[in-house]
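# Observations on the three-dimensional arrangement
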Amino acid sequence: MDSEVVHVPAEWRAQHPHGAHLTGMLEYRALYEESIRSPNTFWAKQARELLSFSHGFHTTHIGSLAKGNNAWFLGGELNASFCCVDRHAIADPDRVAIIHEPDDSCDASREITYGDLLGHVSRLAGCLRAQGVQKGDIVTIYMPMIPEAIFAMLACARIGAVHSVVFAGFSADALRDRIQDANSKVVITTDEGRRGGKAIPTKAVVDTAVRDCPCVSTVLTFKHTGGDVSWTAGRDMWCDEELKKYPSYISSEPMHSEDYLFLLYTSGSTGKPKGVLHSTAGYLLGAAMTGKYVFDIHPKDRFFCSGDIGWITGHTYTVYAPLVLGCTTVIFEGTPAYPSFTRYWEVISKHAATHFYTAPTALRLLKSKIKKRDVEEFNMSQLRVLGSVGEPIAPDTWKWFYNSMGDQKMTLTDTYWQTETGSHIVASLAGVTPMKPGCASLPCFGIDLAIIDPVSGEELKGNLVVGVLAIKQPWPSMARTIKGNHDRYMDTYFNVYKGYYFTGDGAYRDQDGYIWIRGRVDDVVNVSGHRISTSEIESSLLEHAETAIIGVPDELTGEAINAVVSLKTPVIPLGIEQELILHIRQSIAPFAAPKKVFIVKDLPKTRSGKIVRRILRKLLTGEKEFGDISTVRCSSPKNEKCQPLILRL
Ligand code: WT7
């Protein structure tokens, strides 16, 4: 294990334009101790400091992990859109809330002040209300990375509707399933999006998806590229015209702390994607507090998170953390590779970003393409904090990021968390924690970690232990339930190890108490930071074939999906591999498509009929040691078109 320690450079603190929020490790340790020893006092103080309640809470917390019934800030009333917009618009209406950088560097970027944001959000909120959206209704948003997507999220929050953002890379089938599950009356989209020079037909995907969604009565479309779209009279409305009807201020609806703010679908280890529901006060506090302490955000900062709003990273760190803290969020519609691999440097220097938060998959790509001289011309002098998220970052990628973009002058935080945790749970604090390349580091405030022996189920105390990662004390930003399936919520997170929240990741605690994340221990594959369950892909092919989906290490995407397929037909049709790949792209999303497909006659199974993935994984990664295979049945393929994969058994 690489345990080299990189200390925060002294000049970082000396040159800090506003003075860092925390003085150093002593303060972190003292605050952390307090957060674990007296969580209610700690969280109540943080909530009062960072959020604005229109009615104060009387009880900080009730419930337990064992029962999975946690609720926070009871009796409190607040509104997320008020916390993210109004209070900053009142204090400083000209401060820039959102900077939008388009896909194409030749197109103009846009700036939206907090004062203007209040108008945009209010008008859209008024429009949603006029379409019959009521408190508690779920509105689906299928949009590219443009300011209007943030207006849409905050407009929902303003009237107490729950937003469900679906990543605009998901297929029409996947979108349809999510709209149906959410029973949305209204879907908000654009004519098109733009990524890497290509048009993304968002409206056309929505059209196909809502064909099978009788619940949808209105599709609101923002004009973005001006591309042609088809139109269904009576259902479709152009936002741009519609919004003129509504005033630029409507008051925000007071919401109970525990009212849901949003629904976000994520892959589980089994079955269909699960709709994770987050609360208003607890979630917002997690975003605000980690924004403040992990990233050291200040109101004059310009925070650039490359995470799409279709994922939790985009929710928490592109939208809610920067806006609740009143700084500027820089949103980027394009990709790191278009029109050239220096695009991130361009965005950072052009908008004087102070923070840059991205994923190892992008860094691996850039590391292979960028030479130091390519990026020397860019002025990165405002940049103070770098961040990584989504998968373990290899030490060499960490060092490359730190040296090439950070010029060894910055602080780099590796942040470990999940859709379900709402905000960071293990991370090095910017400018505070001595960094270890490749290591997520130390628990965030209020997060009481445990490493559990997966065999005995016992907690492994002390350092130098390896096992599965769990949390033994509730925290405000944890997801409250899975929509329509609270039993699945209990079984996935709380019934695995009683009294603990189970993360699904393996972890190692080193000699200094630092946490190294070792990846998923369940059937979840992480492709370019996108989480996808093997069974979700397998079941999408069920009609055609019996499939085992295996995640194998990949230089660029972290893990890549390989499919080992046994067809239900005696003849193997020509080009079947491409057909299966296309089917997955269409029924789920392009990122879920296998990189390789192996057609075999039979899959190796136990006598009870379970596919032995362990063997397939070893075959695919070229490992020779199979372990005990005495209970495995598998016949060799007779058809010569079969890959030799299983023959080697
Ligand atoms: C899974 C959660 C949370 C933001 C993006 C992904 C993996 C996430 C790290 C990290 C090692 C990481 C875990 C986790 N993961 N961040 N810094 N180091 N692994 O959210 O889609 O809910 O996926 O991503 O395996 O369980 P998500």
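What counts and what doesn't
Residues numbered from 1 in each chain as written. Predicted model: local features only at pLDDT ≥ 70, side-chain atom pairs only at ≥ 80, totals over all residues. Heavy atoms only, no water. Axes fitted to C-alpha atoms, helices over the stretch in contact; angles between N-to-C directions. Helix = DSSP H or I, 4+ residues; strand = E, 2+ residues; numbered from the N terminus. Parallel < 35°, antiparallel > 145°, perpendicular 65-115°, else oblique. Left-handed = near helix turned anticlockwise from the far one by under 90°. Contact = heavy atoms within 4.5 Å. Nonpolar A, V, L, I, M, F, W, Y, C, P; charged D, E, K, R; others polar. Buried < 20%, exposed > 50% of the residue type's maximum accessible area, 1.4 Å probe, protein only. Pairing = 2+ DSSP bridges. UniProt positions renumbered as here; feature names shortened; annotations may be inferred. Polar contact = N/O pair within 3.5 Å; in protein donor to acceptor, adjacent residues only side chain to side chain. Core = buried A, V, L, I, M, F, W, Y, C linked by side-chain atoms within 4.5 Å. Expected span 1.5 Å × (residues − 1). Salt bridge = Lys/Arg side-chain N within 4 Å of Asp/Glu carboxyl O. Near = heavy atom within 4 Å. Areas by Shrake-Rupley, 256 points an atom, 1.4 Å probe, with all protein chains shown as cover.

## Notes on the packing of helix α4 (residues 80-91) against helix α11 (residues 312-324)
Look at α4 against α11: their axes get within 8 Å of each other, and the N-to-C directions meet at 55°. Overall, the two elements α4 and α11 adopt an arrangement that is oblique. Crossing hand, α4 versus α11: left-handed. Seen from α4, the contacting residues are Ala-80, Cys-83, Cys-84, Arg-87 and His-88; seen from α11, they are Tyr-320, Leu-323 and Val-324. Of the residues assigned to the contact of α4 with α11, the class counts are six nonpolar, one polar and one charged.

## Focus: the pairing of strand β11 (residues 218-222)
Taking burial as the measure, the five residues of β11 include five buried ones, the bulk of the element. Side chains of β11 alternate between two faces, with Thr-218, Leu-220 and Phe-222 and Val-219 and Thr-221 buried alike. Here five bridges tie strand β8 (residues 186-190) to β11, and the two strands are oriented parallel to one another. Considered in β11, the bridge of Val-187 is made with Val-219.

## Details of the sheet that holds strand β23 (residues 465-471)
Taken in spatial order, the four strands line up as β22-β23-β25-β26 in an open sheet, and their pairing is antiparallel. Edge positions in the open sheet fall to β22 (449-452) and β26 (515-520), since each of these has one partner strand only. Pairwise comparison of adjacent strand axes, ignoring direction, gives a mean angle of 45° for this sheet.

## Points about the UniProt feature "domain: AMP-binding enzyme C-terminal" (unreviewed entry) in the chain
According to UniProt, the positions carrying the feature "domain: AMP-binding enzyme C-terminal" (unreviewed entry) are residues 536-610. With 23% helix and 33% strand, residues 536-610 has end C-alpha atoms that lie 16 Å from one another.

## Side note on the packing of helix α5 (residues 114-130) against helix α6 (residues 147-159)
Packing of α5 against α6 leaves a shortest axis separation of 8 Å and a crossing angle of 65°. Of the two possible hands of crossing, α5 and α6 adopt the one that is right-handed. Contacts from Leu-117, Leu-118, His-120, Val-121, Ser-122, Leu-124, Ala-125, Leu-128 and Arg-129 in α5 reach Phe-151, Ala-152, Leu-154, Ala-155, Cys-156, Arg-158 and Ile-159 in α6. For the contact of α5 with α6, the class distribution of residues is 12 nonpolar, two polar and two charged.

## Here we look at the side chain of Ser-184
Positionally, Ser-184 belongs in the loop between α7 (172-182) and β8. By relative accessible area, which is 0% here, Ser-184 ends up buried. In terms of polar contacts, Ser-184 uses its side chain to reach the side chain of Thr-140, at 2.7 Å.

## As for the nonpolar core
Core analysis: the largest hydrophobic core is formed by 155 residues, its most contacted members being Leu-117, Ile-188, Tyr-320, Trp-345, Met-405 and Phe-445. Counting residues per element, this core draws most heavily on α6, which supplies 10 residues. When residues no more than four places from it in sequence are discounted, the contact partners of Phe-445 are Leu-22, Tyr-28, Leu-31, Tyr-32, Ser-35, Phe-42, Trp-43, Met-289, Tyr-293 and Leu-429. Counting residues in each nonpolar core, the second largest holds 41 residues, with Val-527, Val-565, Leu-580 and Ile-581 among its members.

## Looking at the side chain of Ser-587
One can find Ser-587 in helix α18 (residues 576-587). A relative accessible area of 16% means that Ser-587 is categorised as buried. The residues contacting Ser-587, other than those within four sequence positions of it, are Ser-171, Asp-173, Ala-174 and Ser-540.

## Concerning the UniProt feature "domain: Acetyl-coenzyme A synthetase N-terminal" (unreviewed entry) in the chain
Residues annotated in UniProt with the feature "domain: Acetyl-coenzyme A synthetase N-terminal" (unreviewed entry) correspond here to residues 28-84. Along residues 28-84 the backbone is 47% helical and 18% strand, and the end-to-end C-alpha distance reaches 26 Å.

## Let's talk about α4
In an α-helix, one turn spans 3.6 residues; hence positions three or four apart end up facing the same way. Along its 12 residues, α4 runs 17 Å from first to last C-alpha, staying within 8% of the 16 Å computed at 1.5 Å per residue. Counting buried positions along α4 yields nine of 12 residues, so the element is predominantly enclosed. If you check the start of α4, you find a side-chain oxygen 2.7 Å away from the backbone N of Ser-81, and it comes from Asn-79.

## A short note on the pattern of salt bridges
Counting across every chain of the model gives 33 salt bridges. Its salt-bridge partner being Asp-396, residue Lys-367 comes within 3.2 Å of it at the nearest N-O pair. Highlighted residues: Lys-367 in helix α13 (residues 360-369) and Asp-396 in helix α15 (residues 395-405), separated in sequence by 29 residues. Its salt-bridge partner being Asp-510, residue Lys-436 comes within 2.7 Å of it at the nearest N-O pair. Remark: Asp-510 occurs in the loop between β25 (501-509) and β26 and Lys-436 occurs in the loop between β21 (426-427) and β22; sequence separation between them is 74 residues. Side by side, Lys-436 and Asp-510 carry an identical accessibility label, which is buried.

## Remarks on the site of the ligand
Close contacts around the ligand come from 17 residues, with Thr-415, Thr-419, Asp-505, Arg-520 and Arg-531 the closest. Note that a nitrogen atom of the ligand is positioned 3.4 Å from one of the backbone N or O atoms of Glu-391. Coverage of the ligand by the protein amounts to 96% of the 550 Å² it exposes when considered alone. Counting residues per element, the ones that place at least two in the shell around the ligand are α11, β20 (411-416) and β26. Residue contributions to the shell around the ligand peak at three residues, all from β20. A breakdown of the residues in the shell around the ligand according to their chemical character gives six nonpolar, six polar and five charged.

## Overview of the environment of Trp-231
Within the element layout of this structure, Trp-231 appears in the loop between β11 and β12 (236-238). A sequence separation of 185 residues divides Trp-231 from Tyr-416, and the C-alpha atoms of the two residues are 43 Å apart. The residues contacting Trp-231, other than those within four sequence positions of it, are Lys-203, Thr-221, Asp-236, Met-237 and Trp-238.

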